[in-house]
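Here is how the chains run, residue by residue.
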Amino acid sequence: MRFCILRAVHRIRQADHLDFYAMGNNRYPIHMMVDSFAMVGKTTSVHDNMAAQYLQAYSSPKNHLGFFVSRTGENSMLLDIAQKLKERNVSMILVTANPQSSLGQMVDVAIPATDAEHMNEGGPRIFIMSSTYIMHIIWAVLMGKEEAGSLQSREDWLKKNFHY
């Protein structure tokens, strides 16, 4: 998995903008991470509405990156979106419990996440925790590569403009 994460970090660093795609509960880890990616200078788009996710894919230029979170990697709507991004030459990353899935075969980097086989074992919740953990690792690597001066200027700006 280490190499998957490093390849994902490389793709994220190259992208000007991160577009996130997920359905249902898989959106929660994404919403948690949006602010973190902004801290490392990445602009993001996240839409809960599926129609908006489709429109986002249809208008994404190739300097964007599609970041998918899908436990099964077989959601037909996400597959449609990935196909459109592939046609537009947009790089894609997937966090999934099934890297060999249809979606896993379409993306540039598929990062395996933990899951449980049966619902009563907490499969979806375990996957959400695992995918959140993976995105935190990606963020930590990005943060470690960020220049100290850039981070300090952002912190100074926040202190000047927000009193928290």
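Note that this is a predicted model, so its numbers are computed, not measured. (Residues numbered from 1 in each chain as written. Predicted model: local features only at pLDDT ≥ 70, side-chain atom pairs only at ≥ 80, totals over all residues. Heavy atoms only, no water.)

K.L.:
Account for the sheet that holds strand β3 (residues 64-69), with residues named and values stated.
P.N.:
With parallel pairing, 5 strands are arranged side by side in an open sheet as β2-β1-β3-β4-β5. A strand with exactly one partner marks an edge of an open sheet, and here the two such strands are β2 (43-46) and β5 (109-112). Adjacent strand axes in the sheet meet at a mean angle of 20°, parallel and antiparallel pairs treated alike. Inspection of the sheet shows strand β1 (residues 17-22) paired to β2 by 4 bridges, in the parallel sense. Within β2, the residue paired with L18 across the bridge is T44. With respect to the sheet, helix α2 (residues 27-39) is in contact with β1, β2 and β3, its orientation differing from that of β1 by roughly 165°. Along the sheet, helix α4 (residues 76-87) contacts β1, β3 and β4 (91-96); its crossing angle with β3, the most-contacted strand, is approximately 160°. (Pairing = 2+ DSSP bridges. Helix = DSSP H or I, 4+ residues; strand = E, 2+ residues; numbered from the N terminus. Axes fitted to C-alpha atoms, helices over the stretch in contact; angles between N-to-C directions. Contact = heavy atoms within 4.5 Å.)

K.L.:
How would you summarise the packing of aromatic side chains if you had to cite specific residues and measurements?
P.N.:
Under the criterion given, the structure shown has 4 aromatic pairs. A centroid spacing of 5.8 Å and a plane angle of 40° characterise the contact between F20 and F37, whose relative ring orientation is tilted. Within this pair, whereas F20 is found in strand β1, its partner F37 is found in helix α2, the two being separated by 17 residues in sequence. Summarising the burial analysis for this pair, F20 and F37 share the class buried. For the pair F37 and F67, a centre-to-centre distance of 6.4 Å together with 55° between the ring planes defines the contact as tilted. Placement of F37 in helix α2 and of F67 in strand β3 is noted, with a sequence separation of 30 residues between them. A relative accessible area of 0% means that F67 is categorised as buried. Every member of this aromatic cluster is reached through a ring pair, and the members are F20, F37 and F67. (Phe/Tyr/Trp six-rings, centres within 6.5 Å; stacked < 30°, edge-to-face > 60°. Buried < 20%, exposed > 50% of the residue type's maximum accessible area, 1.4 Å probe, protein only.)

On their own, these measurements won't tell you what the molecule is for.
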